[in-house]
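For reference, the chains in residue letters:
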Amino acid sequence: MECEWKPDEQGLQQILQLLKESQSPDTSTQRSVQQRLEQLNQYPDFNNYLIFVLTKLKSEDEPTRSLSGLILKNNVKAHYQNFPNGVSDFIKSECLQNIGDSSPLIRATVGILITTIASKGELQNWPELLPKLCLLLDSEDYNTCEGAFGALQKICEDSAEILDSDILDRPLNIMIPKFLQFFKHNSPKIRSHAIACVNQFIISRTQALMLHIDPFIENLFALATDEEPEVRKNVCRALVMLLEVRLDRLLPHMHNIIEYMLQRTQDQDENVALEACEFWLTLAEQPVCKEVLCGHLSQLTPVLVNGMKYSEIDIILLKGDIEEDEAIPDNEQDIRPRFHRSRTVAQQHEGDGIEDDEDEDDELDDDDDTISDWNLRKCSAAALDVLANVFRDDLLLHILPLLKELLFHPEWVVKESGILVLGAIAEGCMQGMIPYLPELIPHLVQCLSDKKALVRSITCWTLSRYAHWVVSQPPDTYLKPLMTELLKRILDSNKRVQEAACSAFATLEEEACTELVPYLAFILDTLVFAFSKYQHKNLLILYDAIGTLADSVGHHLNKPEYIQMLMPPLIQKWNQLKDEDKDLFPLLECLSSVATALQSGFLPYCEPVYQRCVNLVQKTLAQAMLYQSQPDQYEAPDKDFMIVALDLLSGLAEGLGGTIEELVARSNILTLMYQCMQDKMPEVRQSSFALLGDLTKACFQHVKPCIADFMPILGTNLNPELISVCNNATWAIGEISIQMGSEMQPYVAMVLHQLVEIINRPNTPKTLLENTAITIGRLGYVCPQEVAPMLQQFIRPWCTSLRNIRDNEEKDSAFRGICTMISVNPGGVVQDFIFFCDAVASWVNPKDDLRDMFYKILHGFKNQVGEDNWSRFSDQFPMPLKERLATFYGV
């Protein structure tokens, strides 16, 4: 036995002094403490001092002892592999001896230390830990039992995977039954630990728990009405997770569980109520939802609606009593990071506008985003939203009587919750709501001028959820009054209302598109005035509203008087912002939309904007090179600057077309793109391929010399695992083919096989399929001899993916390609000819020479097979197809 380690008195005093100083609020003191701690880490027994202060030095105050343990925990995290054996053994034995310290703070600190050592892969090298902790659970001494359980709960949270693996000889087979025994313990703290430990193993369907699933569920039921909120919370959490993974086991008890959750959703303790409310969100995703819940809707609806009221504490946190705050600068911590959505090239569809594969982002998170993010109000609203989507108009039976009372209630908090309810059910119950909207929409438009800011802000959001209906009615009836009032709210004196109004207006713009053109002057007046009024956070949302407006009205924005209003404030901001300011992101996105809409109208602003974008790309690439060569000397760059700049350059190329030629000629953008196309970050490659396609269309003479370098890179990026990268690379190849003509021949082999593979893949997203088909068609158009031999391998998915897109240039060139390939290899289309007929019929107005190509192929096939075979063949056609082909092509 080695002799016990003893601290040196002087060393001990020095460390205690440090611990005291580190509790000082002064930042320079904090910094010097950090440096001295780093230096002390050079001494092998420094960590012995730290554990000594934590476990042995009872004369010191608890916060200091705990802090010593937390510093030790950080050292374990950073340097544990370098601890000498003697030191780590001393720490481990001290931990186990003191897990039952009489102070809850010290017990918790020891527990954190134990789990940190365990998660450093030390569960294997500390074989006595789990048996010892499980043994301590049986101690007569409460502190020991609670301390051991606290440590076990942390280990279960941090190391759930390894506990359930063969590495440790499956300790859970012993631990889980052991935990279950403690569900009935007389201390609420211990009951709560026990459930929390078992809960860690539900979602992963851990075998050891699945074997004891029935006793587990029985024990949960026994604790259902425990007097301790923490226990009830853990019971609710367990039931929510079991609903996801072991619905079969809950089904027999479902009626009682639902009744129970109804009570818990109204629990006095908001944390319990919030856990219980999650149950409805999870249940809504289960196929049995309708069947098991329909009998309870009349009880559940009022409970959820009631949960949607602001609590008193919410109102205090939201400063709901301060109506005017527009002059108070924002707290920078409140501004959430924005995520830039890189450019993806998509096709226009029948219907209108560009199909959006992304989920709508107007979920229920647009209101009160500053409160602790997830609370009972939000959870109740989200639950009502998903249940409205499950039950559709059946839910209205229960909601409408409540709504009448809420929407016209004299108390603003109640009225506000009614407006939120109306917005929450908008998506699921839209059909059933239509009869009431002619009365409700004007009422809501009136609520936009309510004297309470929180009522005005929620009304903005709810109206945006009904924007689609508003736009479908004659514009003077609802659109005009709604727009007039929303624009006033954009200039509200309350910041939360400004924000809600700006977001709602962006949604209205997306729905209304060109319906807004008559009001453009009026709209721009407001948005430009908001520029001078807004604080930092709302400016960022204002950029988005302006960008969306440009996307929605397109070239209608290109009028001298509009440009005169809009551009000066945008350019002024552009000049104020430094290259490293993240506010450039939303401004660049906004300018990209504006440039695309204004086209030639953007020319006067083009050069400085172009130069700066090229600079941003160059700077970011240079910084990345420095960081790669000397990571210890330099910081990694934020590549978002480069991505957003590439996207704005795409916007310029698309908007200005050939006029961008001289700017490209005077810059090194193609060299920079060559590097960006090989960046390891997918979003950088995605944006650089979009720009490549746009520059190919705008000024191919500058791109052509680089094609031999670019094509192999495009070929290696046809990987459908990265959908957007693959999509943009595919589109760029198609654009390059059209420009290269027959000179494309040497490059076909680099890309054709991947493209044919992608078009035949199951579950490929629609946008990628369409772009792949267009590019295969374009390659075939310029190099038919190379592509036609593979016709049979892609003709069927090619036809089905292009039948739904609108007549346009891209579709035109792709179909010319397919016709040319059919003339080279008619045999390749024979088996799938019906698909070709269907695709041809999808054209509304093909150009005359393309219509002739279709005519020749259809008649050629008919003559080839003879009249009888043709009529047998065409009898399989659906009626509309038969009629169209007869009308347009006489077959």
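Residues numbered from 1 in each chain as written. Predicted model: local features only at pLDDT ≥ 70, side-chain atom pairs only at ≥ 80, totals over all residues. Heavy atoms only, no water.

## Examining the nonpolar core
Thought 1: Among the nonpolar cores identified, the biggest contains 316 residues, and F216, W280, I425, F602, F794 and W798 are the most heavily contacted of them.
Thought 2: Ranked by residue count, the leading element in this core is helix α35 (residues 640-656), at 11 residues.
Thought 3: When neighbours within four sequence positions are excluded, W280 is seen to be in contact with I258, M261, L262, T265, L293, L300, L304, A383 and L387.
Thought 4: Core analysis: the next-biggest nonpolar cluster, separate from the first, contains 5 residues, Y310, I315, L318 and V413 among them. (Core = buried A, V, L, I, M, F, W, Y, C linked by side-chain atoms within 4.5 Å. Buried < 20%, exposed > 50% of the residue type's maximum accessible area, 1.4 Å probe, protein only. Helix = DSSP H or I, 4+ residues; strand = E, 2+ residues; numbered from the N terminus. Contact = heavy atoms within 4.5 Å.)

## Quick look at the state of the cysteines
Thought 1: The tally for this structure, following the rule as stated, stands at 0 disulfides.
Thought 2: With no disulfide of its own, C590 lies closest to C502 among cysteine sulfurs, the gap being 11 Å. (Disulfide = S-S within 2.5 Å.)

## Quick notes on the side chain of N494
Thought 1: By secondary structure assignment, the location of N494 is in the loop between α28 (479-490) and α29 (495-512).
Thought 2: Given a relative accessible area of 5%, N494 falls into the buried group.
Thought 3: There is a polar contact of 3.1 Å between the side chain of N494 and the backbone nitrogen of V497.
Thought 4: Those residues in contact with N494, other than ones at most four positions away along the chain, are I322, E323, D325, A453 and R456. (Polar contact = N/O pair within 3.5 Å; in protein donor to acceptor, adjacent residues only side chain to side chain.)

## Re helix α25 (residues 437-447)
Thought 1: For α25, the set of buried residues is L437, L440, I441, H443, L444, V445 and C447.
Thought 2: Buried-residue contacts for α25 involve α22 (396-407), α23 (412-424), α24 (430-433), α26 (453-465), α27 (467-472) and α28.

## Re unusual backbone geometry
Thought 1: Of note, the phi angle at R205 is positive, near 50°, even though the residue is not glycine.
Thought 2: With a relative accessible area of 47%, R205 lands in the partly exposed category.

## Digging into the packing of helix α1 (residues 9-21) against helix α2 (residues 27-40)
Thought 1: Where α1 meets α2, the axes come as close as 9 Å, and the angle between the chain directions of the two elements is 145°. Handedness of the α1/α2 crossing: left-handed. Here α1 contributes I15, L18 and E21 to the contact with α2, which in turn contributes T29, V33, R36, L37 and L40.
Thought 2: The residue inventory of the contact of α1 with α2, partitioned by class, reads 5 nonpolar, 1 polar and 2 charged. (Axes fitted to C-alpha atoms, helices over the stretch in contact; angles between N-to-C directions. Left-handed = near helix turned anticlockwise from the far one by under 90°. Nonpolar A, V, L, I, M, F, W, Y, C, P; charged D, E, K, R; others polar.)

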